[in-house]
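The primary structure of each chain is shown beneath.
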Amino acid sequence: MDHFLYRDGVLHAEEVPVPEIAATVGTPFYLYSRATLERHFRLFDEGLEGLEHLVCYAMKANSNQAVLKVLADMGAGMDVVSGGEYARARAVGVPGERIVFSGVGKTRAEMVQAIEGGIRQFNLESEPEMTVLNEVAVGLGAVVPVTIRVNPDVDAKTHEKISTGKAENKFGIPIARAREVYAEAAELPGLDVIGIDCHIGSQLTDLAPYAEAFDLVVELTGQLRADGHDIRRLDLGGGLGIPYERSNEAPPLPVEFCNLIKEKVGHLDVEVEIEPGRLIAGNAGVLISKVIYVKEGEDRNFLILDSAMNDLVRPAMYESFHEIIAVNEPTAGAEKARYDVVGPVCESGDTFAKGRVMDEVAAGDFVAFRSAGAYGAVMASEYNSRPLIPEVLVDGHQFAVIRPRPTYEELINRDIVPSWL
Ligand code: LLP
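Note that the structure is a prediction, hence the values are computed from the model and not measured.

Enquirer: Just to check I follow, could you spell out unusual backbone geometry for this structure?
Expert: Backbone phi values are negative for most residues with the exception of glycine, while trans is the configuration of most peptide bonds. P28 follows T27 through a cis peptide bond whose omega is -10°. Within the element layout of this structure, P28 appears in the loop between α1 (18-25) and β4 (29-33). Although it is not a glycine, D269 adopts a positive phi angle of roughly 60°. Using a relative accessible area of 69% as the deciding quantity, one classes D269 as exposed. In this structure, E319 is a non-glycine residue whose phi angle is positive, near 55°. Topologically, E319 is positioned in the loop between α11 (314-318) and β16 (324-326).

Enquirer: Looking at this structure, I do not really get the pairing of strand β8 (residues 121-124). What am I missing?
Expert: Taken residue by residue, a regular strand's side chains alternate between the two faces of the sheet. Residues Q121 and N123 line one face of β8 and the alternating positions F122 and L124 line the opposite face, and both faces are buried. Of the crossover connections in this fold, the one passing from strand β7 (residues 99-101) over helix α5 (residues 108-117) to the parallel β8 is right-handed. Two strands pair when backbone bridges link them, and β8 and strand β9 (residues 144-151) are joined in this way by 3 bridges, in the parallel orientation. Looking across to β9, one finds that F122 is bridged to V146. Viewed along the sheet, the connection from β8 through helix α6 (residues 127-139) into β9 turns out right-handed.

Enquirer: Just to check I follow, could you spell out the sheet that holds strand β1 (residues 4-7) for this structure?
Expert: Strand pairs in the sheet, formed through backbone hydrogen bonds, run parallel or antiparallel to each other. In space, the 3 strands of this open sheet follow the order β1-β2-β3, with antiparallel pairing throughout. Of all strands in the sheet, those bounded by a partner on one side alone are β1 and β3 (16-17). Examined bridge by bridge, strand β2 (residues 10-13) and β3 share 2 bridges and lie antiparallel to one another. Paired with A13 across the two strands is V16, which belongs to β3.

Enquirer: Would you mind showing me how to read the site of the ligand here?
Expert: With respect to spatial proximity, 18 residues lie near the ligand, and among them S202, E275, R278, R314 and Y375 are the closest. Between an oxygen atom of the ligand and a main-chain N or O atom of G277, the distance comes to 2.9 Å. The contact in question runs from an oxygen atom of the ligand to an N or O atom on the backbone of R278, over 2.7 Å. Relative to its free-state accessible area of 590 Å², the ligand is covered by the protein chains to the extent of 91%.

Enquirer: In this structure, what is going on with a nonpolar patch on the surface? I would like to understand it.
Expert: A surface patch of nonpolar side chains, about 460 Å² in accessible area, is lined by V417, W420 and L421. Counting through the fold element by element, L421 comes out in the segment after α12 (408-412). By relative accessible area, which is 72% here, L421 ends up exposed.

Enquirer: I'm lost on the packing of aromatic side chains in this one. Help?
Expert: Each aromatic ring pair is characterised by the separation of its centres together with the angle its planes make. Summed over the entire model, instances satisfying the criterion amount to 7 aromatic pairs. Between F44 and F257, the ring centres sit 6.1 Å apart and the planes meet at 85°, which makes this aromatic pair edge-to-face. Taken together, the residues F44 in helix α2 (residues 34-47) and F257 in helix α9 (residues 254-265) connect sequence positions 213 residues apart. Assigned by exposure class, F44 and F257 land together as buried. Geometrically, the ring pair formed by F352 and F369 is edge-to-face, given 4.7 Å between the ring centres and 65° between the ring planes. You can see F352 sitting in strand β18 (residues 351-359) and its partner F369 sitting in strand β19 (residues 366-369), a full 17 residues away along the chain.

Enquirer: What is the right way to read the environment of Q398 from this model?
Expert: Take Q398: it is sitting in strand β21 (residues 398-403). With 385 residues separating them along the chain, Q398 and A13 place their C-alpha atoms 9.9 Å apart. Setting aside residues up to four positions removed in sequence, Q398 forms contacts with V16 and L393.

Enquirer: Is there a simple way to think about helix α7 (residues 178-186) in this case?
Expert: The periodicity of an α-helix, 3.6 residues per turn, causes residues three or four positions apart to be oriented the same way. Buried within α7 we find A178, V181, Y182 and A185. Seen from one end, α7 has its buried residues packed into an arc of 100°, which puts them on one side. Looking at the buried side of α7, the elements it contacts are α6, β9, β10 (173-174), β11 (191-197) and α8 (208-226).

The rules behind the values
- Residues numbered from 1 in each chain as written.
- Predicted model: local features only at pLDDT ≥ 70, side-chain atom pairs only at ≥ 80, totals over all residues.
- Heavy atoms only, no water.
- Helix = DSSP H or I, 4+ residues; strand = E, 2+ residues; numbered from the N terminus.
- Buried < 20%, exposed > 50% of the residue type's maximum accessible area, 1.4 Å probe, protein only.
- Right-handed = clockwise from strand over helix to strand, strands pointing away.
- Pairing = 2+ DSSP bridges.
- Near = heavy atom within 4 Å.
- Polar contact = N/O pair within 3.5 Å; in protein donor to acceptor, adjacent residues only side chain to side chain.
- Areas by Shrake-Rupley, 256 points an atom, 1.4 Å probe, with all protein chains shown as cover.
- Patch = residues over 30% accessible without salt bridge, like charges linked within 9 Å, V, L, I, M, F, W, Y side chains within 5 Å.
- Salt bridge = Lys/Arg side-chain N within 4 Å of Asp/Glu carboxyl O.
- Phe/Tyr/Trp six-rings, centres within 6.5 Å; stacked < 30°, edge-to-face > 60°.
- Contact = heavy atoms within 4.5 Å.
- Arc of directions from axis to C-beta.

As structure tokens, this is what we get:
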């Protein structure tokens, strides 16, 4: 459920008519709903009630500081994967003890930044990384809490580019080698090995791969405890999928995911962390765009929008589906049209949808891409010298630009033409 609904024949974000925002901000722009963000966070937080837990929002999904603030104010932790994300989380006041640091390629500089700024734990992904973190920690006179990410070799049954828990993926250490690696880690004076981390992929639409992975983590917990490690925290990752296509069967609900966690690890006397990103932000955002032209081709009609692959890259990158609707509600029973929906960027890959049957629209009309709150703005680029598009947050009757559209001056003034040219 989200808060983007038609009212009086026009799409609203919570209480605000979308055309009103478009008139102020111009198109294209990302539009987020605070109420939806809060609702989604609460589903996880309340779903894990009864277990000692922390929901660490995977801020790679949407790291605008206003979005982070909404969640941080509700008590969310943050899952960060770079020094930049760490800095953003700290900038909105997330305390270090609520930040976990994931990722396969943490640099020494990032480790120093997080140790000095405060960190809940590092999720380690390899032995070389373990050695370096130990060196950095010892150099700073610190002992840092760590989990080790295990790769359970389960098939998450999702798009191959976002699957992370198979043996061939770059993530984590093979679970079969875990006892050996934990034994090595326990010898390192700069590390305090407190738990296990496991994340198997993104946009999962089935709980079975989670169940398989959690069983393996539970078994490993027993073995590691028997080996003398004080395993007291499990980070079970994120990845729960969202319904991009309303016609499809909906993925499992957060409450079902949380119940599975309770069922599998509830008896272990551990603190649980999860790292949802997409489910919190995805359906809390839409991308609003304007039709520039409807171009009638020989065998197809092209809907040419003012947004492009640089603004929302997911369709070009993963062939992903985003529902596209007219901002002005079509009249009941109105005929649908079929379009290839494209942007103005100069390559054929700049296609949002081929042969899409959708609301009929005309030049000048606004359209909304649904489910664009996660992995939308954060993956945007300035390809074709198109400035990053603004982001707007709605809260009831009010809205605010939470990242403005840069001017062309700002865009081009970042280049430096050397004096010797
Ligand atoms: N934790 C870790 C260690 C991750 O690598 C990820 C996502 C998450 C949590 C959050 O997963 P989520 O709950 O959002 O599914 N750009 C792609 C998605 C990449 C996901 C990468 N890792 C897309 O647009 O579909």
